[in-house]
Amino acid sequence: GLMLYMHARARHPEAFMKSLPEAGKEGTLKSAFRNPAFESKLKAKSGSFTRARSYTGYFTARSGREMVFSILVNNFSGPSQTIVAGIEAILLETLENQ
């Protein structure tokens, strides 16, 4: 999809990558993905509206493999912090085992 194209074939992929916040440090990810395992390994864009959260971006797995991801949780009940923690757990598991 679009994320693969922007990373591999876009005319200026570096400009696009610089526009994505870094996990635990910038923009909409400043308070998310603060686990040290994500440091300098995950860049993403977040999205949210009532009872929905999404993250789309790139990460480098422990093996060095570069990966694209997109996670959308829709129509959830309960606190959004629980959903974000679940998304972080999924990405951490993938980052460490790919």
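Residues numbered from 1 in each chain as written. Predicted model: local features only at pLDDT ≥ 70, side-chain atom pairs only at ≥ 80, totals over all residues. Heavy atoms only, no water.

1. Structural notes on helix H3 (residues 80-97)
Compared with an ideal rise of 1.5 Å per residue, which puts 18 residues at 26 Å, H3 spans 26 Å between its outermost C-alpha atoms and is within 8% of the ideal. Buried within H3 are the following residues: Ile83, Val84, Ile87, Leu91, Leu92 and Leu95. Structurally, H3 contributes buried residues whose contacts are with strand S1 (42-49), strand S2 (52-60) and strand S3 (66-74). (Helix = DSSP H or I, 4+ residues; strand = E, 2+ residues; numbered from the N terminus. Expected span 1.5 Å × (residues − 1). Buried < 20%, exposed > 50% of the residue type's maximum accessible area, 1.4 Å probe, protein only. Contact = heavy atoms within 4.5 Å.)

2. A look at the pattern of salt bridges
Inspection of the entire model under this criterion finds two salt bridges. Ionic pairing is found between Glu22 and Lys25, a salt bridge with its closest N-O pair at 3.6 Å. Judged by relative accessible area, which is 17%, Glu22 ranks as buried. A residue is classified by how much of its surface remains accessible, and Lys25, at 42% relative accessible area, is partly exposed. In this structure, Glu39 engages Lys25 in a salt bridge whose closest nitrogen and oxygen atoms are separated by 3.9 Å. Of this pair, Glu39 sits in the loop between helix H2 (13-18) and S1 while Lys25 is found in the loop between H2 and S1, placing the two residues 14 residues apart along the sequence. (Salt bridge = Lys/Arg side-chain N within 4 Å of Asp/Glu carboxyl O.)

3. Looking at the environment of Met17
Tracing the backbone through its elements, the reader meets Met17 in helix H2. Sequence separation between Met17 and Gly57 is 40 residues; the distance between their C-alpha atoms is 9.2 Å. Ignoring any residue separated from it by four or fewer positions in sequence, one finds Met17 in contact with His7, Lys43 and Tyr58.

4. Topic: the sheet that holds S3
Spatially, S1-S2-S3 is the arrangement adopted by the three strands of the open sheet, whose pairing is antiparallel. Lying at the two open borders of the sheet, with one neighbouring strand each, are S1 and S3. On average, adjacent strands in this sheet sit at an angle of 5° to one another, irrespective of strand direction. Here eight bridges tie S1 to S2, and the two strands are oriented antiparallel to one another. Across the sheet, residue Gly47 finds its bridge partner in S2, namely Ser54. (Pairing = 2+ DSSP bridges. Axes fitted to C-alpha atoms, helices over the stretch in contact; angles between N-to-C directions.)

5. A look at the nonpolar core
Among the nonpolar cores identified, the biggest contains 21 residues, and Phe33, Phe38, Leu42, Tyr55, Phe59, Phe69 and Leu91 are the most heavily contacted of them. Mapped by element, the contributors of at least two residues to this core are S1, S2, S3 and H3. In terms of residues, this core owes the most to one element, H3, which gives six residues. Sequence-distant contacts of Phe38, that is, excluding residues within four places in its chain, are made with Ala23, Phe33, Glu88, Leu91, Leu92 and Leu95. In this structure, Met3, Ala10, Phe16 and Tyr58 belong to the second largest nonpolar core, which totals seven residues. (Core = buried A, V, L, I, M, F, W, Y, C linked by side-chain atoms within 4.5 Å.)

The analysis is restricted to geometry; functional conclusions fall outside its scope.
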